[in-house]
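Descriptive structure summary
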Amino acid sequence: MDANVTPGRGQWGSKIGFILAAAGSAVGLGNLWKFPFLAGQNGGGAFVLVYFVILLVVGFTLMMAEITIGRHTQLNAIGAYRKIKPSWGWVGSLGVLAGFLILSFYSVIGGWIIAYIVKAATGTFNTSDVKMLGDMFTQFIQSAGTPIFYHGLFMLMTLGIVIGGIQQGIEKYSKILMPALFVMIVLVMIRSLTLDGAMAGVKFFLNPDFSKITGTVILSALGQVFFSLSLGMGCMITYGSYLSKDTNIPECSLYIPLIDTAVALLAGLAILPAVFAFNFPADAGPGLLFITLPAVFSKMPMGGLMGVVFFTLALFAAVTSSISLLEVCVSYVVDEWKWTRKKATVIIATLIFLMGIPCSLSQGPWSEIKLIKGKCILDSVDFIASNVLLPLGGILLCIFIAWVWGLRRVQKISKTDEGKTIITWALEYTDALKEITNDGQVNFALAPIWVFLIKWLAPVAITIVFIQGIFS
Ligand code: PFF
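Worth saying up front: this structure is predicted, and the values here are computed from it rather than measured.

**Focus: the site of the ligand**
Not every one of the 15 residues close to the ligand is listed here, only the nearest: Ala 26, Gly 30, Tyr 106, Phe 227 and Met 233. Between Ala 26 and the ligand, the recorded distance is 3.0 Å, taken from a backbone N or O atom to an oxygen atom. With respect to the ligand, the side chain of Ser 230 contributes an N or O atom lying 3.1 Å from a nitrogen atom. Using a 2 Å cut-off from the grid points, one finds that the ligand occupies the largest cavity. Those elements that provide at least two residues to the shell around the ligand are helix H1 (15-26), helix H2 (29-41), helix H10 (215-228) and helix H14 (303-336). A per-class count over the shell around the ligand returns seven nonpolar, eight polar and no charged.

This is the structure in structure tokens:
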């Protein structure tokens, strides 16, 4: 174990363990549920292309920034900011709050997934009548008791893994669930691609029609990169804090977005060709997963089995994300309040479960309660966390690493200001950030580009989404 690690805090057992856990956090309902329907609604290939560009520019940059802060400080999201500059601790608090809020509604949707595994296994939705399936879905989420029961079950699964700690909990399960998810999604994709008429879906998904690229498409792709890569709330700071000092951060920061994107693409190729093959609308919106897909499965040879496989893989994806959301909160309480992991996990998971109850009820009995911009409780909590706290966290992260921490390092390494040109200053600045990222160990050739992205391009781009998210 690394000499700098606080005893009992935990550390990843291997690099691959870390990559799978971090990719597990990234791969989730964002990939399986949101990505295909956003692509469907925003011009298919056009959306996918824009998503790629933003992923390269913003996704990779912020991923590296978060992991760097975490690994350097070996602390939770709040502690990490505070250790580098005490007055910045509040930025980490926004992240922990975001994790708490996101998990409260994420778990409700995770519960719906468990319910749909049961429905698929018992043949409950064996019909291709979309209207009937729509009614069935609405009736289910509107009922008071059953969705809360499944939400509780989902939280229990999350708690059961996080309580085991880093190596025996999060890493162990990520190493099982992630490869299993991958095999299952490939299976569903093959089934989908071999249907008659599947190629129309592939064309729609992969052929970019440049005329479809509008401001809305760009903004929704940017928001999706954020949510999908688990960025902006200190999740990757927390996971990075369990890394040993000799891990190559730039390399890991490349793998995680790559795996996340691969799964988003596989999900698109598993879902859209089947939707086209059976002539369902591709722009069905959030109902695509719970209404259109069951209809597609019922028409498909071996559809019953495919339904069970699909919702099981969705559950695996959701659980490897929910454990990272819970870990952000648990890690803070363990580090700063010195609670045991067991006590922290049980108490926080219970609070999140309770917080999720109004979210669940807001789909039915409490649907009249509107909090923000006429949105129900679940949508309001999602809005505050995803559209306000995540982008804000992202902008502040860029400012912090490039303008606060980076500048201080420059001051440390440069002895005098005399006779310094802008160029020498810029080179020193780049060196300082390079040193931060690698803790002086790995030669990272793209550092100057990264410095430009983190200082200028990423914060400006995210500011646009943030403003759009608030005022749209
Ligand atoms: N990345 C997850 C998904 O795509 O479903 C959601 C998520 C997990 C967001 C963890 C933020 C986070 F910190």
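**Quick look at H10**
Helix length check: H10, at 14 residues, gives a terminal C-alpha distance of 20 Å against a target of 20 Å (1.5 Å per residue), a fit within 8%. Taken as a whole, H10 has its buried residues at Val 217, Leu 219, Ala 221, Leu 222, Gln 224, Val 225, Phe 226, Phe 227 and Ser 228. Looking one or two residues beyond H10, the residue adopting positive phi is Ser 230, at roughly 55°.

**Re the layout of surface pockets**
Computed from the structure, the largest pocket encloses a volume of approximately 1100 Å³. Lining the largest pocket are 36 residues; nearest its centre among them are Lys 34, Phe 37, Leu 38, Asp 382 and Asn 387. Classifying every residue of the lining of the largest pocket by side-chain character gives 19 nonpolar, twelve polar and five charged. Put simply, the second largest pocket is a space of about 160 Å³. Sorting the residues of the lining of the second largest pocket by element identifies helix H5 (89-121), H14 and helix H15 (341-361) as the ones contributing at least two each.

**Digging into the packing of H2 against H5**
To characterise two packed helices, one gives the angle between the axes of the helices and the distance between these axes. Where H2 contacts H5, the two axes come as close as 12 Å, and the packing angle between them is 85°. Here H2 is positioned roughly perpendicular relative to H5, judged by the angle of their axes. Together, Leu 29, Gly 30 and Trp 33 of H2 and Tyr 106, Ile 109, Gly 110 and Ile 113 of H5 make up the contact between the two elements. Split into classes, the residues belonging to the contact of H2 with H5 amount to five nonpolar, two polar and no charged.

**A look at a nonpolar patch on the surface**
On the surface, a cluster of nonpolar side chains totalling about 370 Å² of accessible area is made up of Ile 163, Val 346, Ile 347, Leu 351 and Leu 354. Position of Ile 347 among the secondary structure elements: in helix H15. Note on Ile 347: relative accessible area 34%, which makes it partly exposed.

**Looking at the packing of H5 against helix H7 (residues 145-162)**
Between H5 and H7, the least distance of the axes is 7 Å, while the angle of their chain directions is 105°. Considering their axes alone, H5 and H7 lie roughly perpendicular with respect to each other. In this structure, H5 uses Leu 103, Ser 104, Ser 107, Val 108, Gly 110, Gly 111, Trp 112, Ile 114, Ala 115 and Val 118 to contact H7, whose residues at the interface are Pro 147, Tyr 150, His 151, Leu 153, Phe 154, Met 155 and Met 157. Broken down by class, the residue content of the contact of H5 with H7 amounts to twelve nonpolar, five polar and no charged.

**Describing the state of the cysteines**
Enumeration over the complete set of coordinates arrives at zero disulfides. You can see Cys 235 has no disulfide; the closest cysteine sulfur is in Cys 329, sitting 9.9 Å from it. Cysteine Cys 359 is unpaired, with the sulfur of Cys 376 as its nearest cysteine sulfur at 8.2 Å. Exposure remark for Cys 359: the relative accessible area of 0% places this residue in the buried category.

**Details of the pattern of salt bridges**
Summed over all chains, the structure comprises seven salt bridges. For Arg 9, the salt bridge is made with Asp 335, and the minimal N-O distance between the two is 2.9 Å. Of this pair, Arg 9 sits in the segment before H1 while Asp 335 sits in helix H14; the two residues are 326 residues apart in sequence, bridging distant segments of the chain. Asp 335 shares its class with Arg 9; the two are buried.

Rules and cut-offs
- Each chain carries its own residue numbering, running from 1 in the direction its sequence is written.
- Only residues with pLDDT of at least 70 are given local features in this predicted model, and only at 80 or more are side-chain atom pairs given and counted; all residues enter the totals for whole chains, interfaces and linings.
- Think of the side-chain values as coming from all heavy atoms in the structure, minus any hydrogens and water.
- By convention in these notes, a residue is near a molecule or strand provided one of its non-hydrogen atoms lies within 4 Å of it.
- Side-chain atoms alone can form a polar contact between residues adjacent in sequence; in general such a contact is a pair of N or O atoms within 3.5 Å, and within protein one must be able to donate a hydrogen while the other accepts it.
- The method works on a 1 Å grid over the protein atoms by themselves. A cavity is a set of points holding a 1.4 Å probe that cannot get out, a pocket is an open set with protein on both sides within 12 Å along at least five of seven lines, and residues with an atom within 4 Å of a point line them.
- Being in a pocket or cavity means that more than half of the molecule's atoms lie within 2 Å of its grid points.
- To qualify as a helix, a DSSP run of H or I must reach at least 4 residues; to qualify as a strand, a run of E must reach at least 2; elements of each kind are numbered from the N terminus.
- Lys, Arg, Asp and Glu make up the charged group, whereas Ala, Val, Leu, Ile, Met, Phe, Trp, Tyr, Cys and Pro make up the nonpolar group; the residues left over, Gly among them, are polar.
- Expected helix span is computed as 1.5 Å times (number of residues minus one).
- Buried residues are those whose accessible area, probed at 1.4 Å on protein chains only, stays under 20% of the maximum for their type, while exposed residues exceed 50% and partly exposed ones sit between those limits.
- Grid points are joined across faces, edges and corners, and a volume is the space filled by probe spheres set on the points.
- Axes here mean lines fitted to C-alpha atoms, for a helix over just the part in contact, with angles spanning 0 to 180 degrees between N-to-C directions.
- Put simply, angles under 35 degrees are roughly parallel, angles over 145 are roughly antiparallel, angles from 65 to 115 are roughly perpendicular, and the rest are oblique.
- Note on contacts: a residue pair qualifies if any of its non-hydrogen atoms lie within 4.5 Å across the two residues.
- The patches described consist of residues with a relative accessible area above 30% and no salt bridge, like charges being joined within 9 Å and nonpolar side chains (Val, Leu, Ile, Met, Phe, Trp, Tyr) within 5 Å.
- Here, Shrake-Rupley sampling with a 1.4 Å probe gives the accessible areas, and only protein chains in the shown set may cover a residue.
- The rule for a salt bridge is simple: a side-chain nitrogen of Lys or Arg has to be within 4 Å of a carboxyl oxygen of Asp or Glu.
- The disulfide criterion used throughout: a pair of cysteine sulfur atoms within 2.5 Å.

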